[in-house]
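Examining the three-dimensional arrangement
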Amino acid sequence: MPLAGRGPVGCAGRVPTPLGIPGYLGLLAVPGSCLVSATPTLRCLPTPRKNVSSSPGPAGKLPGDCVGSGGCPPAWLLLPRERNVKCFRALCCKGPPPPRPEYDLVCIGLSGSGKTSLLSQLCSESLENIVSTTGFSIKAVPFQNAILNVKELGGADNIRKYWSRYYQGSQGVIFVLDSASSEDDLETARNELHSALQHPQLCTLPFLILANHQDKPAARSVQEIKKYFELEPLARGKRWILKPCSLDDMEAVKDSFSLLINLLEERDFEPSRM
């Protein structure tokens, strides 16, 4: 009778099943499988091309032993169960990486602020034939450590009054403003940001405020935006990030989103610290 059947596939081939010896886990070497040695180290047996015994052979060879002149190692090793399982899991049983967390965000800003272009660029989409969002759109923006499901809301005058209907379920806010806009548009953007910061469904969420179009000559600096929007007194005690951005420097945009992801992750751990 064979000593053991073949088990599930491991790191380099099939992994042998236990022999059933109390307190020990027997490993029956299978060509191409992994052996954990007593040191312990991992080595994989080469698959023999010939002279493989299917029954006990010379000098007490076991089934599956190499009987050629290749100097094969012993066909099976007995190690303490816990040590063997630990080595096996550490070296052979590395599963797929855990799924990236997903966060639902809402992206708001006036028409022409550049929301759609920034999100499309982050998703590696073509910027040809970009048009302003008239209702809302949802994009899954992938990052190395998270996926942001961004719900972009149109910024036209007749749409902004409906923004609050789409706030529910949001875990963070992206507010995009045109730093090179007219004084009237900048004042409108200021009022909309103030309204969002104080809205019951958003006031506790992290904000990423992007001063877009910094590549334009008329663009205002971040310090000018911060002072004009009165962010220091209004957003005191809230978690917000104000960063300059433009399509010419997408690496800086990605860095800004990474800071927002950090705030989202911190928010995830808040209940565990209470």
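What you see is a predicted model; the values in this text were computed from it and never measured.

1. Some words on the overall build of the chain
The secondary structure content of the chain amounts to 7 helices and 12 strands. Counting the 274 residues in the chain, one finds 40% classified as buried. The contacts in the chain between residues at least 6 apart in sequence include a share of 65% that link residues at least 24 apart. A total of about 15500 Å² of accessible surface is found on the chain, and carbon and sulfur atoms cover 53% of it.

2. A few points about the nonpolar core
Of all hydrophobic cores here, the largest spans 26 residues; its most connected members are I108, L177, L193, L202, F207, I209 and F229. Secondary-structure elements contributing two or more residues to this core are β7 (102-108), β10 (172-178), α4 (183-197), β11 (207-212) and α5 (222-228). If you tally residues by element for this core, the top one is α4, at 5 residues. With sequence-adjacent residues up to four places away left out, F229 is seen in contact with L177, L186, A189, R190, L193 and H194. V141, I174, L208 and L264 belong to the second-largest nonpolar core, a separate cluster that totals 25 residues.

3. Points about the side chain of K151
Tracing the chain through its elements places K151 in strand β9 (residues 147-153). One buried charged residue, K151, remains without a salt bridge, the closest side chain of opposite sign being D104 at 7.8 Å. A polar side-chain atom of K151 sits 3.2 Å from the main-chain carbonyl oxygen of Y166.

4. Re the pattern of salt bridges
Counting across every chain of the model gives 8 salt bridges. In this structure, R160 and D157 form a salt bridge, with 2.9 Å as the shortest nitrogen-oxygen distance. Taken together, the residues span about one helical turn, with R160 and D157 both in helix α3 (residues 157-160) at a distance of 3 residues. When its relative accessible area of 60% is taken as the criterion, D157 is described as exposed. One salt bridge in this structure joins R220 and E183, with 3.2 Å as the shortest N-O distance. A residue pair is termed long-range when its members are at least 10 positions apart, and R220 in the loop between β11 and α5 and E183 in helix α4 qualify at 37 residues. For R220, a relative accessible area of 15% translates into the label buried.

5. Re the packing of aromatic side chains
Here the structure, examined in full by the defined rule, presents 3 aromatic pairs. Taking 5.2 Å as the distance between ring centres and 45° as the angle between the ring planes, the aromatic pair formed by F136 and Y166 counts as tilted. Placement of the pair is F136 in strand β8 (residues 136-142) and Y166 in the loop between α3 and β10, with a sequence separation of 30 residues. Its relative accessible area of 43% is what places F136 among the partly exposed residues.

6. Quick look at the sheet that holds strand β12 (residues 240-244)
Adjacent strands of a sheet pair through backbone hydrogen bonds, lying either parallel or antiparallel. If you walk across this open sheet you meet the 6 strands as β8-β9-β7-β10-β11-β12, and the pairing is mixed. With partners counted over all chains shown, the strands left at the sheet margins are β8 and β12, one partner each. Going across the sheet, the axis of each strand differs from the next one's by a mean of 20°, ignoring polarity. In this structure, β8 lies alongside β9, joined through 7 bridges in antiparallel fashion. Counterpart to S137 in the pairing with β9 is E152. Against the sheet, helix α2 (residues 115-122) engages β7, β8, β9, β10 and β11, with an angle of about 155° to β9. Contacts from α4 reach β7, β10 and β11 within the one sheet, and its direction differs from that of β10 by about 170°.

What counts and what doesn't
Residues numbered from 1 in each chain as written. Predicted model: local features only at pLDDT ≥ 70, side-chain atom pairs only at ≥ 80, totals over all residues. Heavy atoms only, no water. Helix = DSSP H or I, 4+ residues; strand = E, 2+ residues; numbered from the N terminus. Buried < 20%, exposed > 50% of the residue type's maximum accessible area, 1.4 Å probe, protein only. Contact = heavy atoms within 4.5 Å. Areas by Shrake-Rupley, 256 points an atom, 1.4 Å probe, with all protein chains shown as cover. Core = buried A, V, L, I, M, F, W, Y, C linked by side-chain atoms within 4.5 Å. Lys, Arg positive; Asp, Glu negative; His and termini not counted. Salt bridge = Lys/Arg side-chain N within 4 Å of Asp/Glu carboxyl O. Polar contact = N/O pair within 3.5 Å; in protein donor to acceptor, adjacent residues only side chain to side chain. Phe/Tyr/Trp six-rings, centres within 6.5 Å; stacked < 30°, edge-to-face > 60°. Pairing = 2+ DSSP bridges. Axes fitted to C-alpha atoms, helices over the stretch in contact; angles between N-to-C directions.

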